[in-house]
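Coordinate analysis (summary)
Each chain is listed here by its residues.
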Amino acid sequence: MNYSQLMTVLDATGMSPEQLAPILGVGSMTVRRWQKQSPKKKVPIAYERTVVEGIYQLVLDGKLSSNAEAVQTILLENTSISFQAIIKDLGVSADIFGAGDGSHQDKMAIALSQIGVNEKHKTEVDESSELLSRFKKLGSEWQERISSLLTVIKSKKLSALDKWVAYGALFYLITPFDLIPDHIPVIGLLDDFGILGFAVTYYLKKYPELFNLNT
């Protein structure tokens, strides 16, 4: 992370150094010093963790958009994770996983439905056939899971509501902003693979006939 990337993100908030300092875990004078640094100079490692956590908090507070290129560049280069910021950005109610009622499977289905009901998310999935094809090349199990969920969303036998979980899982796959950044070797795609598997199992249990019929 260099100071040019950092200041691009901080400037996008429209907040003063005094407002940003407590969120970033530093003093306001430190933020002002950052503003005067050479753009190409690297931010000291000692600051990186608190800065990344602060950026996640700004996303959570609605002060930054995770779709901004500068935000994604910083977050995808770091392994720090803020669960609340991520699920809120995806459109999931934060209280789902804290509620006492319902199984983990039920909660996951609800979370994926909340992601999949978003029309922009559905459109992005529908327009990402090339990207999904690349994920299929990761192996036969990837191909099977993705193809099964594409069967769901293309089915004329299911209602729009019935397809929300499939759309949610596929959108989670293609979005770069998820629980384990995809660039991390090996483990970066574990959460994507697991969520795809959950969604396929959900449909196999609920609509077993779907995968035995032409849809």
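Provided above is the structure to which this section pertains.
Owing to the predicted nature of the structure, the values given are computational and were not obtained by experimental measurement.

Quick word on the overall build of the protein chain
Helix and strand content of the protein chain: 12 helices and zero strands. The buried share of the protein chain, reckoned over its 215 residues, is 43%. Of the contacts made within the protein chain by residues no fewer than 6 positions apart, 65% connect residues no fewer than 24 positions apart. For the protein chain, the exposed area adds up to about 11,600 Å²; of that, 53% sits on carbon and sulfur atoms.

Section: the side chain of T13
Position of T13 relative to the elements: it lies in helix α1 (residues 3-13). Here L10 takes part through its backbone oxygen, which lies 2.6 Å from a polar atom of the side chain of T13. When sequence neighbours within four positions are dropped, the list of residues in contact with T13 reads L20, L58, K63 and L64.

Section: the environment of W142
Looking at the element boundaries, W142 is found in helix α10 (residues 140-154). Residues W142 and D192 lie 50 residues apart in sequence; the distance between their C-alpha atoms is 9.9 Å.

Some details on the packing of aromatic side chains
A complete count under the given rule lists four aromatic pairs for this structure. Taken together, a centroid distance of 5.3 Å and an interplanar angle of 75 degrees make the contact between W34 and Y47 edge-to-face. Here Y47 lies in helix α4 (residues 45-60) and W34 lies in helix α3 (residues 28-36), a separation of 13 residues in the sequence. With centroids separated by 5.0 Å and ring planes inclined at 90 degrees, the aromatic side chains of Y202 and Y203 adopt a geometry described as edge-to-face. The partly exposed category is assigned to Y202, whose relative accessible area is 22%.

Focus on the nonpolar core
Across soluble globular proteins, you tend to see nonpolar side chains buried next to one another. In this structure, I146, L149, L170 and L196 are the most contacted members of the largest nonpolar core, which totals 33 residues. Counting only elements with at least two residues in this core, the list comes to α7 (104-116), α9 (129-136), α10, α11 (164-174) and α12 (190-206). The element contributing the most residues to this core is α11, with nine residues. In contact with L196, other than residues within four places in its own chain, are W142, R145, I146, L149, A169, L170 and L173. Residues M7, V31, Y56 and L64 belong to the second largest nonpolar core, which totals 23 residues.

Describing the environment of T50
Along the polypeptide, T50 turns up in helix α4. Under the relative-accessibility criterion, T50 is labelled partly exposed at 24%. Counting along the chain gives 27 residues from T50 to I23, while the straight-line C-alpha distance between them is 8.7 Å. If we ignore the near neighbours within four places in the chain, the residues touching T50 are L24, G25 and V26.

Examining the pattern of salt bridges
Tallied over the entire structure, the rule returns three salt bridges. Between R32 and E18 there is a salt bridge, and its shortest N-O distance comes to 2.7 Å. With R32 in helix α3 and E18 in helix α2 (residues 17-24), this pair connects stretches of sequence that are 14 residues apart. Residue class for E18 comes out partly exposed when judged on its relative accessible area of 42%. Among the ionic pairs, K122 bridges to E119, the shortest N-O distance being 2.9 Å. With a gap of three residues between them, K122 and E119 both fall in helix α8 (residues 119-126), about one helical turn apart.

Rules behind the numbers
Residues numbered from 1 in each chain as written. Predicted model: local features only at pLDDT ≥ 70, side-chain atom pairs only at ≥ 80, totals over all residues. Heavy atoms only, no water. Helix = DSSP H or I, 4+ residues; strand = E, 2+ residues; numbered from the N terminus. Buried < 20%, exposed > 50% of the residue type's maximum accessible area, 1.4 Å probe, protein only. Contact = heavy atoms within 4.5 Å. Areas by Shrake-Rupley, 256 points an atom, 1.4 Å probe, with all protein chains shown as cover. Polar contact = N/O pair within 3.5 Å; in protein donor to acceptor, adjacent residues only side chain to side chain. Phe/Tyr/Trp six-rings, centres within 6.5 Å; stacked < 30°, edge-to-face > 60°. Core = buried A, V, L, I, M, F, W, Y, C linked by side-chain atoms within 4.5 Å. Salt bridge = Lys/Arg side-chain N within 4 Å of Asp/Glu carboxyl O.

Honestly, that's just the spatial picture; any functional story needs more than this.
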